[in-house]
Amino acid sequence: MKLILLELNEINFEVAKYYIDDGEELPGFKKLFDNGVHSTESEHKYSNLEPWIQWPSVHTGKSYEEHGVFRLGDFINSDQEQFFEKVERAGYKVGAISPMNASNRLKNPTYFIPDPWT
């Protein structure tokens, strides 16, 4: 079984859906919508809604208050476990291309290409 997690940064899905409904051909987004897009909420304080804060929340399952990573590239100084490590420990191979504000702490990654800021 394969799992693909696609991280899209600063995409407004409502706008993409509007264009598709208006007749624009955006086959990649249409496929995402047809298969189900899941939205989540993490932070309620406006200053903590920056993507470089939100990605550590996605990768750790913790809020900003719990992971404490505020700046871009600062996750490398964190000791928080990311889901990448959990998946690998469960016996799966993990490859990552540009996971945002993440660290490569995998024991044997298939590949891990960091984001340009980390």
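Heads up: the structure comes first, above all this text.
So, here is what we can say about the structure in this document. (Residues numbered from 1 in each chain as written. Predicted model: local features only at pLDDT ≥ 70, side-chain atom pairs only at ≥ 80, totals over all residues. Heavy atoms only, no water.)

## Observations concerning the nonpolar core
Next, step 1: If you look at the biggest cluster of nonpolar residues, it comprises six residues: F84, V94, A96, A102, L106 and F112.
Next, step 2: Excluding anything up to four places from it in sequence, L106 contacts F84, E85, E88, V94 and F112. (Core = buried A, V, L, I, M, F, W, Y, C linked by side-chain atoms within 4.5 Å. Buried < 20%, exposed > 50% of the residue type's maximum accessible area, 1.4 Å probe, protein only. Contact = heavy atoms within 4.5 Å.)

## Details of the environment of E43
Next, step 1: Take E43: it is sitting in the loop between α2 (27-35) and α3 (51-60).
Next, step 2: When its relative accessible area of 11% is taken as the criterion, E43 is described as buried.
Next, step 3: Distance from E43 to S63, taken between C-alpha atoms, is 6.8 Å for residues 20 residues apart in sequence. (Helix = DSSP H or I, 4+ residues; strand = E, 2+ residues; numbered from the N terminus.)

## Overview of α3
Next, step 1: With seven of ten residues buried, α3 is to be regarded as a mostly interior element.
Next, step 2: Of all the residues in α3, the buried ones are P51, I53, W55, P56, S57, H59 and T60.
Next, step 3: Contacts made by the buried residues of α3 are with α4 (64-67) and α5 (83-89).

## Focus: the packing of aromatic side chains
Next, step 1: This model, assessed by the stated rule, comprises six aromatic pairs.
Next, step 2: Residues F83 and F84 carry aromatic rings whose centres are separated by 4.5 Å and whose planes lie at 35° to one another, so their mutual orientation is tilted.
Next, step 3: Accessibility expressed as a relative area gives 24% for F83, which makes it partly exposed.
Next, step 4: Its relative accessible area of 6% is what places F84 among the buried residues.
Next, step 5: Three or more aromatic residues joined by ring pairs form one cluster here, namely F13, F29 and F33. (Phe/Tyr/Trp six-rings, centres within 6.5 Å; stacked < 30°, edge-to-face > 60°.)

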